[in-house]
Amino acid sequence: MMFNQSLVRVRAGERTDRGGNTVKDWSPGAVSRLAVDQVNIQPSIQQEDVDEQRNAVVTGWHVQSAEGTNPDIRYDDRIEWDGMTLEVDGEVARWPELFTDAVHHIEFEMKRATG
């Protein structure tokens, strides 16, 4: 597998809402960005739902990092890639290295929903 692609992980900051609760803050000044290279990104799903109100399209990609990498990506992050802002879909799988506690690589799905 080739691991010559890159993406940017976007993580929300935090703010306090009117009720005193800590909530995610996706405003440009609050987010943190991390460039991640050595990944392989492949198409995984494309689904279209049509009803009277709209045409909804969900497109997804499978991401795998290179052997020996453990990028800091979580289920609640967003990903900037190929001119799009995508959502991590589900948990990030951290595959273990045999006979150690180290991470061999990670895998996750990301999706774009329109409509």
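Below, the structure is looked at part by part. (Residues numbered from 1 in each chain as written. Predicted model: local features only at pLDDT ≥ 70, side-chain atom pairs only at ≥ 80, totals over all residues. Heavy atoms only, no water.)

### Some words on the overall build of the protein chain
To keep things clear, this is the line we draw: Helix and strand assignments come from DSSP, with helices taken as H or I runs of at least 4 residues and strands as E runs of at least 2, each series counted from the N terminus. Relative accessibility decides the category of a residue: with a 1.4 Å probe and only protein chains considered, values under 20% of the type maximum give buried, values over 50% give exposed, and everything between is partly exposed. When checking whether two residues touch, look at their non-hydrogen atoms; a contact exists if any pair is within 4.5 Å. Each accessible area value is a Shrake-Rupley result obtained with a 1.4 Å probe; residue values ignore everything except the protein chains displayed when judging cover.
Within the protein chain, the secondary structure is distributed over zero helices and eight strands. Going residue by residue from the N terminus, the α and β elements of the protein chain occur as β-β-β-β-β-β-β-β. A buried classification covers 31% of the 115 residues belonging to the protein chain. Considering only contacts within the protein chain whose residues lie at least 6 apart along the sequence, 56% involve residues at least 24 apart. Counting every atom, the protein chain has about 7700 Å² of accessible surface; 46% of that belongs to carbon and sulfur.

### Focus on the nonpolar core
Heads up, the rule is: Only buried residues count toward a nonpolar core. Its members are Ala, Val, Leu, Ile, Met, Phe, Trp, Tyr and Cys residues joined through side-chain atoms within 4.5 Å.
The biggest cluster of nonpolar side chains holds 16 residues, and the ones touching the most others in it are L7, I41, I73, I79, W81, F108 and M110. Taken together, the elements giving at least two residues each to this core come down to strand 4 (32–50), strand 5 (55–65), strand 6 (78–81), strand 7 (84–96) and strand 8 (103–114). If you tally residues by element for this core, the top one is strand 7, at four residues.

### Considering the pattern of salt bridges
Operational definition: Should a side-chain nitrogen of Lys or Arg be within 4 Å of a carboxyl oxygen of Asp or Glu, the pair is scored as a salt bridge.
Within the structure shown, the criterion is met by seven salt bridges. Across the pair D76 and K24 runs a salt bridge, and its minimum N-O distance is 2.8 Å. Taken together, the residues span a long stretch of sequence, with D76 in the loop between strand 5 and strand 6 and K24 in strand 3 (residues 22–25) at a distance of 52 residues. In this structure D76 comes out as buried when scored by relative accessible area, which is 16%.

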